[in-house]
Structures are given as structure tokens and as C-alpha cells.
Amino acid sequence: MTEIQQDQALAEAYDGITAVVDDLDDAHLQRATRCQGWLVADLLLHVLGDAQRALVALASPVGGPADTDDVSYWRGFPGGDDGAARHAWWVRRSASAFDRPTDIVRVWKETAPAAVRAAAAADPEGYVTTQGHVLRVPDLLATLTTEAVVHHLDLTPELPDAPPPGPLAVRVAVSTMDGLLSDDAVRPAQWDDTEFLLKATGRIALTDRDRLELGEAAGWFPLLG
């Protein structure tokens with residue numbers, strides 16, 4: 001995927017989240033998500049933090065070389081550790097500090113387009129730093145897109161009318177999971193992209209058939225938390 005497509009994919013991913021939350025009232029923003037203990041408003045605040053991090057990273061170019069790429073970046077974030085639990089609790093408390101859940105939507109709608117504009121303006125040959133790593137700009141955008149797509153799916157279990165994430169953004173997220181799965185394994189042919197993303201991130205458990213088809217690779221799941 002080209003660098004130009006990476007910023008387009010991020011725009012599509014963030015527009016997709018906006019499409020999910022834009023017309024929700026306070027009650028709908030307090031519905032449950034696939035992320036344990038998080039309401040829709042809580043999860044939106046978490047993704048808002050990614051958009052804010054993107055703005056900081058893209059405005060702070062550094063010299064190369066990169067020490068990670070859009071796939072290996074995720075291997076440093078295993079799910080279920082104590083740090084993840086502390087972050088989840090911080091997000092819950094931070095979201096509750098807003099006067100109304102819809103206030104989080106307002107801040108998201110101001111911040112996400114700014115991050116997309118910064119991504120489009122960034123030097124695709126440049127490097128940035130985030131989360132203690134140095135990445136090429138396109139790889140940073142791919143990590144942001146992957147997280148946005150996964151969390152888009154997390155937002156929707158109690159929002160049956162929510163639109164799905166866009167195809168270009170989904171393609172980036174699926175490419176990430178394929179990279180984490182490695183060349184030594186092939187995902188089951190009956191999985192569509194959404195099922196792959198949900199199972200690769202532990203949102204849906206593997207079935208006995210899945211485990212049989214994946215073989216040894218079943219033990220690698222979830223590929224990221």
C-alpha cells in the first residue's frame with residue numbers, strides 16, 4: 001500500500017468512527033462496547049487519545065532509522081497486563097470528568113480531522129517518534145488506522161444501525177493481522193475480514209474448527225490485545 005493510501009486510510013478510519021458516534025445521544029453513548037468495562041463514550045475517549053498522540057508525533061519529526069514498523073510495533077502491546085488494566089481505569093475516570101458524554105464527541109470531531117490533515121501534510125519519507133519508538137510516517141499512520149478500525153468494531157455491538165468501517169481502512173487492519181500471523185500460517189478460509197479482526201484481537205473466541213485449521217498458530221491468538 002502506498003504512502004498516499006495510508007493517509008487516506010486513516011481519514012476513512014476516523015470518518016467511520018465519527019459516523020458511528022455523531023448522532024448518538026447521551027444514553028446511547030453509555031451503551032456497552034466489546035472492551036470490558038468501557039462504555040461507548042469511554043472507548044471514544046481512548047481513540048481520541050490516539051488522535052491527539054498523532055498530532056504530537058506528526059508535529060515532531062525525528063531522524064531515522066526506524067526501530068519498528070507497522071506490524072512489529074504491536075508486539076510490544078500484549079493484552080491483559082497490569083498496565084492495560086491501569087489505562088482502562090484511567091480512561092473510565094477521565095471520561096466521567098466530562099459534563100456529558102456528547103462533549104467527548106464534540107472534542108473528537110474537532111481533533112480527528114486535525115490529525116487527518118496533519119497526516120496528509122506529513123513527509124511520507126520522514127520519521128516520527130511515539131510510544132518510545134521511531135517509525136516511518138506511513139507506518140505510524142497504519143498503526144493508527146488499525147487501532148481505529150478495531151475500536152470501530154468494538155463500539156458497535158449495542159448499536160445495530162452503526163455503519164461498518166470503510167474498506168480501505170479495513171484493508172490496512174487486516175494487513176497488520178496478516179503480518180502478525182506470519183507467513184507460516186494461513187487464516188481459515190471461511191473467515192471474512194470482520195471475523196478475522198475480531199478473532200485476531202480476542203474479541204471472539206476461536207472455535208474448535210478454527211483451532212483445527214490453524215494448527216500450531218492457534219496458540220498465537222490473540223495476535224494483539
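Structure's up top.
Residues numbered from 1 in each chain as written. Predicted model: local features only at pLDDT ≥ 70, side-chain atom pairs only at ≥ 80, totals over all residues. Heavy atoms only, no water.

Asker: Explain the pattern of salt bridges to me, using residue names and the numbers behind them.
Answerer: Per the stated rule, a full pass over the model turns up 11 salt bridges. A salt bridge links Arg 106 to Glu 110; its shortest N-O distance comes to 3.8 Å. Placement of both Arg 106 and Glu 110 in helix α4 (residues 101-121) is noted, with a separation of 4 residues, approximately one turn of the helix. Relative accessible area serves as the criterion here: at 52%, Glu 110 is assigned to the exposed category. Among the ionic pairs, Arg 136 bridges to Asp 139, the shortest N-O distance being 3.6 Å. Arg 136 gets classed as partly exposed once you look at its relative accessible area, which sits at 28%. (Salt bridge = Lys/Arg side-chain N within 4 Å of Asp/Glu carboxyl O. Helix = DSSP H or I, 4+ residues; strand = E, 2+ residues; numbered from the N terminus. Buried < 20%, exposed > 50% of the residue type's maximum accessible area, 1.4 Å probe, protein only.)

Asker: Now, about helix α2 (residues 40-58): what can you tell me, with residues and values included?
Answerer: Between its first and last C-alpha, α2 extends 27 Å over 19 residues, near the 27 Å set by a 1.5 Å rise per residue. Summarising burial for α2: 15 of the 19 residues are buried, a large majority. (Expected span 1.5 Å × (residues − 1).)

Asker: Describe helix α6 (residues 167-181), with residues and values.
Answerer: Counted at 1.5 Å a residue, the expected span for α6 with its 15 residues is 21 Å, and the 21 Å between its end C-alpha atoms agrees. Along α6, the residues that are buried comprise Leu 168, Ala 169, Val 170, Val 172, Ala 173, Val 174, Thr 176, Met 177, Leu 180 and Leu 181. Immediately downstream of α6, the backbone of Ser 182 shows phi near 80°, a positive value.

Asker: Residue-level account of the pairing of strand β2 (residues 127-130), with values.
Answerer: A one-sided burial pattern is seen for β2, the buried positions being Val 128 and Thr 130 and the unburied ones Tyr 127 and Thr 129. Alignment of strand β1 (residues 61-62) against β2, held across 2 bridges, turns out to be antiparallel. Within the sheet, the bridge partner assigned to Pro 61 lies in β2 and is Val 128. Where β2 and strand β3 (residues 133-136) come together, 4 bridges link them in antiparallel fashion. Each residue of the ladder has a partner; that of Val 128, found in β3, is Leu 135. Linkage of β2 to β3, two consecutive antiparallel strands, is achieved through a turn of 2 residues, within which Gln 131 is found at a positive phi near 50°. (Pairing = 2+ DSSP bridges.)

Asker: So what's going on with the environment of Ser 96? Which residues, and what values?
Answerer: Position of Ser 96 among the secondary structure elements: in helix α3 (residues 82-96). The exposure class of Ser 96 is exposed, given its relative accessible area of 56%. Sequence-wise, Ser 96 and Asp 42 are 54 residues apart; in three dimensions their C-alpha atoms are separated by 8.2 Å.

Asker: Tell me about the environment of Gln 5, and please be specific about residues and values.
Answerer: Here Gln 5 shows up in helix α1 (residues 3-21). Taking C-alpha positions, Gln 5 is 9.8 Å from Ala 142, a pair spaced 137 residues apart along the chain. Excluding its chain neighbours within four sequence positions, the residues that come into contact with Gln 5 are Leu 168 and Arg 171. (Contact = heavy atoms within 4.5 Å.)

Asker: Now, about the sheet that holds β3: what can you tell me, with residues and values included?
Answerer: Read from one edge of the open sheet, 3 strands run β1-β2-β3, paired in antiparallel fashion. Lying at the two open borders of the sheet, with one neighbouring strand each, are β1 and β3. Together, β1 and β2 form the strand contacts of α2, whose direction differs from that of β2 by roughly 135°. (Axes fitted to C-alpha atoms, helices over the stretch in contact; angles between N-to-C directions.)

Asker: Outline the packing of α6 against helix α7 (residues 193-200), listing residues and values.
Answerer: At a minimum axis distance of 10 Å, the contact between α6 and α7 shows a crossing angle of 50°. Comparing the axis directions of α6 and α7 gives the class oblique. In terms of crossing hand, the pair formed by α6 and α7 is left-handed. Taking contact as the criterion, the partners of Val 170, Ala 173, Val 174, Met 177, Asp 178 and Leu 181 in α6 are, on α7, Asp 193, Phe 196, Leu 197 and Ala 200. When the residues that make up the contact of α6 with α7 are grouped by side-chain class, the tally is 8 nonpolar, no polar and 2 charged. (Parallel < 35°, antiparallel > 145°, perpendicular 65-115°, else oblique. Left-handed = near helix turned anticlockwise from the far one by under 90°. Nonpolar A, V, L, I, M, F, W, Y, C, P; charged D, E, K, R; others polar.)

Asker: Quick one: what's the story with the environment of Leu 10, residue by residue and with numbers?
Answerer: Tracing the backbone through its elements, the reader meets Leu 10 in helix α1. When the C-alpha atoms of Leu 10 and Glu 125 are compared, they prove to be 17 Å apart, with 115 residues separating the residues in sequence. Other than its neighbours up to four places away in sequence, Leu 10 contacts Val 116, Ala 119, Leu 141, Leu 144 and Thr 145.

Asker: Requested: an account of the side chain of Thr 68, with residues and values cited.
Answerer: Secondary-structure assignment places Thr 68 in the loop between β1 and α3. Among the polar contacts listed, one links the side chain of Thr 68 to the side chain of Ser 72, at a separation of 2.6 Å. Separated by 3.0 Å, the side chain of Thr 68 and the backbone nitrogen of Tyr 73 make a polar contact. (Polar contact = N/O pair within 3.5 Å; in protein donor to acceptor, adjacent residues only side chain to side chain.)

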